[in-house]
Amino acid sequence: MKNVVRVKNLSIGEGKPKVCVPITGATKKEINDELDLLQTIKVDLIEWRGDLFQEIENKEAVKSMLQKINQEIPNFPLLFTFRTKEEGGGRKVTLEKYKEINRFVIESELTNMIDVELHRGEKLVKELVSFAHLHNQKVVISNHDFNQTPSHEEIISRLKLAADYEADIGKIAVMPHSNTDVLTLLSATSDMNEQSKIPIVTMSMGGEGVISRLAGEVFGSAITFASGKQASAPGQVEAKKLHSILNVIHDSLKG
C-alpha cells in the first residue's frame, strides 16, 4: 500500500494532484511581488526556487526570506529547491556548496519539504535525506532531463532509485521530442504508480507534454507544477486554469 505524505493539512498521494506554484524571483522585491500574487490564487503548496535568488549564498538573506515566506503564506507547505545548472537550474555550484546551502535551509526548520537531486551522488543524497528527516522535513528526490525522454525502463529505474535512497516522494521531469515520448512518460508513470510505496511526481515538459501536467490523477502523478507570476519550467499552466481542469478530470473519475 502506498504511503501518503502528510505535510501541514495537505495529503500528497491521494485524490487530485496537488498544485504547486514556484517562487522564482531573483530579488527580494520580485519575491515580495510574487508573495502578494500567491495570496490571490488557489494553490496547495509553494516551492521556493532558491537557485534563482541572487543572494542565495548569503545565509542571513536566505533565513530572512524564508521567514518572510512563512509569514506571508503560513497555511501552505513550503518546498525548498536548489536546482543546479546541470538540471536546468539557475546556477552551477560545487557539491560542497550544494550541500552547505541545503543543510543550512534544513537546519533552519523554516521549510516543510526539501528537494534533493538524484544525481548529486549517493553519499551526498543519503546524507541530506537523513539530515532532513532528522529535522522532520520531507524529501523530494528529483531528476530532470532537459535533453530527452529516457526509456520506459530508465524512468522507472530512476524513480526506484529515489525510493531506495529513502525519498518521501520521487520526481522525474523529461523533455519530449514526439508524442511517443509523452506516451513513454505516461506509461512509465502508470506502471511505477502500481508498484511504488511512495508518491511519485512525473512530467513531460514543454507544450507537447502539457497533458502530463493535467492527467496525474489518471496515471499516478501526485503533484503538478503551475505558473504564478512566472513559469519555472517549460509547459507550466497558469494555476487557476490548472485547478479547473483538474476538477473536471476528478469529477469525471468519480462519476
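Residues numbered from 1 in each chain as written. Predicted model: local features only at pLDDT ≥ 70, side-chain atom pairs only at ≥ 80, totals over all residues. Heavy atoms only, no water.

The name recorded for the chain in an unreviewed UniProt entry is 3-dehydroquinate dehydratase, from Oceanobacillus kimchii. Under the Pathway (unreviewed entry) heading, UniProt states for the chain: "Metabolic intermediate biosynthesis; chorismate biosynthesis; chorismate from D-erythrose 4-phosphate and phosphoenolpyruvate: step 3/7." A UniProt comment under Subunit (unreviewed entry) is attached to the chain, and it reads "Homodimer." (UniProt positions renumbered as here; feature names shortened; annotations may be inferred.)

**Here's the deal with empty space enclosed by the protein**
All told, the structure shown has four cavities of 30 Å³ or more when counted by the stated rule. Taken as a whole, the second largest cavity holds about 60 Å³ of empty space. Where the lining of the second largest cavity is concerned, the elements lending two or more residues are helix 2 (59-72) and helix 3 (95-108). Here the residues of the lining of the second largest cavity are counted per class, giving five nonpolar, no polar and four charged. (1 Å grid on protein atoms, 1.4 Å probe; cavity = no way out; pocket = protein on both sides within 12 Å on 5 of 7 lines; lining within 4 Å. Points joined across faces, edges and corners; volume = space filled by probe spheres on them. Helix = DSSP H or I, 4+ residues; strand = E, 2+ residues; numbered from the N terminus. Nonpolar A, V, L, I, M, F, W, Y, C, P; charged D, E, K, R; others polar.)

**Points about the sheet that holds strand 9 (residues 200-204)**
Within a beta sheet, neighbouring strands are joined by backbone hydrogen bonds and run either parallel or antiparallel to one another. Taken in spatial order, the nine strands line up as 9-8-7-6-5-4-3-10-11 in an open sheet, and their pairing is parallel. On the outer flanks of this sheet lie strand 9 and strand 11 (237-238), each paired with one strand and no other. Note that strand 6 (residues 113-117) and strand 7 (residues 138-145) share five bridges and pair parallel. For Met 113, the partnering residue across the bridge sits in strand 7 and is Lys 138. Its contacts with the sheet put helix 3 on strand 5 (78-81) and strand 6, and the angle it makes with strand 6 is roughly 165°. (Pairing = 2+ DSSP bridges. Contact = heavy atoms within 4.5 Å. Axes fitted to C-alpha atoms, helices over the stretch in contact; angles between N-to-C directions.)

**Some details on helix 3**
For helix 3, which comprises 14 residues, the first-to-last C-alpha distance of 20 Å matches the rise-based estimate of 20 Å (1.5 Å per residue) to within 8%. Of the residues making up helix 3, those classed as buried are Tyr 98, Ile 101, Asn 102, Val 105 and Ile 106. Down the axis of helix 3, the buried set is contained in an arc of 130°. They therefore lie on one face. Among the exposed residues of helix 3, those oriented more than 90 degrees off its buried face are Glu 96 and Glu 107. Considering only its buried residues, helix 3 is in contact with helix 2, strand 5, strand 6 and helix 4 (122-134). (Expected span 1.5 Å × (residues − 1). Buried < 20%, exposed > 50% of the residue type's maximum accessible area, 1.4 Å probe, protein only. Arc of directions from axis to C-beta.)

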